[in-house]
Amino acid sequence: MIKGRPDYDHAEFVALTLLQQFNISELPISLETIYKSFKNLRVKTYTWFAQKNDLEIRDVCALYQSDSGVCLEMVKSKQYMILYNDTVKSAGHIRFTIAHELGHYILKHHQKIDREIIARNPVAKHQYELIEKEANCFARALLAPPHVLNALGQLDAHRVSELCHLSYPAAENVLKFFWTGLRMGRTYLNNGKIIDLFQHFIYKQKHSKSCPNCRYSFTHHEAKFCPICSYSRLIRKGATEMVYDGYDLDENGRPQTCPVCSNEELHDSGEHCKICGTYLINKCAGPTFDRFGNVDGECGTIADGNARHCIICGSETTYLQRGHLNHWKGSSRVATEDFKLPF
């Protein structure tokens, strides 16, 4: 029997613990990775259930008093099943539904209210509302960890929807509770090391850049110019990327093999190939200027293996000047990823 108020802290703690347990370190969260690990839990669609039982989708909705989903407990076999309405058009809505029902399972709500099916009518109103609020809190924390959102900063509902693969209304709801927490004094610091877990993802999101000119995307916290075409009006990372040919370089800008003679023994070659004398480092070849506009040195910024231009000053790199890399217009290919719903 459940009494009192929803235990939001516990629901959030359990969700964040799951992320750590499964070493999930980027958004959107893969729900499939989590729920497939539980041997006594299956996730099926309303369509599957309807066909198996010679029903219509509307019959399933009526049977379980939900147009979205339900979590069932089979007491004798100690098995659980999450059913979700796969005919719902919003993939983000479906994701939140699965996470919500997973919350009922993880938080052991069936045992707490002694019911095999969590629905409005068989459960006292205050008990039903309490476990629904806890399941919603669990789903919000799992799909949109507040500590990660806080670290990313400057988020709106469109961005949260995009990052977490949520519906826009769900993203608005996430932000509503997030801002309420901040107003109540929550700081969303590195609780449970969640920030450490998502550190690489957070860095990429905060410093990812996309060039509208050549459609190249990259990550760098100081970049002012596109390394491919030297365009300066960079934007946040776009959906479609272009991949440009280049070389695998070490942290000093040196390749594994000489770009001219293919010499592989470069570990003791310094900056020049000992076979053909080729300069090996890809770096900015442009000058720096003093405040009067006079040349006062070389920029020398180390560049990536596909960089034709310096990301700091926009000048050409040594690889472009020496012909190791071709002009960007003749060396790109489109890189597209098929969208897969990350259940």
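Before reading further, recall that the structure is shown in the block above.
Residues numbered from 1 in each chain as written. Predicted model: local features only at pLDDT ≥ 70, side-chain atom pairs only at ≥ 80, totals over all residues. Heavy atoms only, no water.

Peer 1: Let's hear about the overall build of the protein: which residues, and what values?
Peer 2: When helices and strands are counted, the protein shows 13 helices and nine strands. Looking at the protein as a whole, 44% of its 343 residues qualify as buried. The long-range fraction of contacts in the protein, counting pairs at least 24 apart against all pairs at least 6 apart in sequence, stands at 59%. (Helix = DSSP H or I, 4+ residues; strand = E, 2+ residues; numbered from the N terminus. Buried < 20%, exposed > 50% of the residue type's maximum accessible area, 1.4 Å probe, protein only. Contact = heavy atoms within 4.5 Å.)

Peer 1: Break down the pairing of strand β1 (residues 41–45) for me, with residues and values.
Peer 2: Side chains Leu41, Val43 and Thr45 project from β1 onto a buried face, and the interleaved Arg42 and Lys44 project onto a face without burial. As paired elements, β1 and strand β3 (residues 79–84) share five bridges and run parallel to each other. Residue pairing in the sheet places Lys44 in a bridge with Leu83 of β3. (Pairing = 2+ DSSP bridges.)

Peer 1: Can you explain helix α7 (residues 125–143)? Please cite residues and give values.
Peer 2: In this model, α7 (19 residues) spans 27 Å end to end at C-alpha, consistent with the 27 Å of a helix rising 1.5 Å per residue. Here α7 lies mainly inside the structure; 14 of its 19 residues are buried. (Expected span 1.5 Å × (residues − 1).)

Peer 1: Before we move on, could you go through the packing of helix α1 (residues 8–21) against α7 and cite the residues and values that matter?
Peer 2: Their axes nearest at 8 Å, the elements α1 and α7 cross at an angle of 35°. For the pair α1 and α7, the crossing hand works out as right-handed. Note on element contacts: α7 touches α1 through Lys133, Glu134, Cys137, Phe138, Ala141 and Leu142, opposite Tyr8, Ala11, Glu12, Val14, Ala15, Leu16, Leu18 and Leu19. Considering only residue class, the contact of α1 with α7 consists of eleven nonpolar, no polar and three charged. (Axes fitted to C-alpha atoms, helices over the stretch in contact; angles between N-to-C directions. Left-handed = near helix turned anticlockwise from the far one by under 90°. Nonpolar A, V, L, I, M, F, W, Y, C, P; charged D, E, K, R; others polar.)

Peer 1: Give me the lowdown on the nonpolar core, citing residues and values where you can.
Peer 2: Grouped together as the largest cluster of nonpolar side chains are 54 residues, with contacts concentrated most on Leu102, Phe138, Leu142, Leu166 and Phe198. Among residues more than four places away in sequence, those in contact with Leu142 are Ala15, Leu18, Leu19, Ile29, Leu31, Ile34, Ala99 and Leu102. Cys211, Leu234, Tyr244 and Ile311 belong to the second-largest nonpolar core, a separate cluster that totals 13 residues. (Core = buried A, V, L, I, M, F, W, Y, C linked by side-chain atoms within 4.5 Å.)

Peer 1: Requested: an account of the sheet that holds β3, with residues and values cited.
Peer 2: As summarised here, the arrangement of the three strands in space is β1-β3-β2, forming an open sheet in which the pairing is mixed. Two strands bound the open sheet, and with one partner strand each, they are β1 and β2 (69–74). The sheet shows a mean angle of 20° between the axes of neighbouring strands, taken without regard to direction. Of the strand pairs in this sheet, β2 and β3 are connected by six bridges, and their pairing is antiparallel. Among the inter-strand pairings, Cys71 is bridged to a residue of β3, identified as Ile82.

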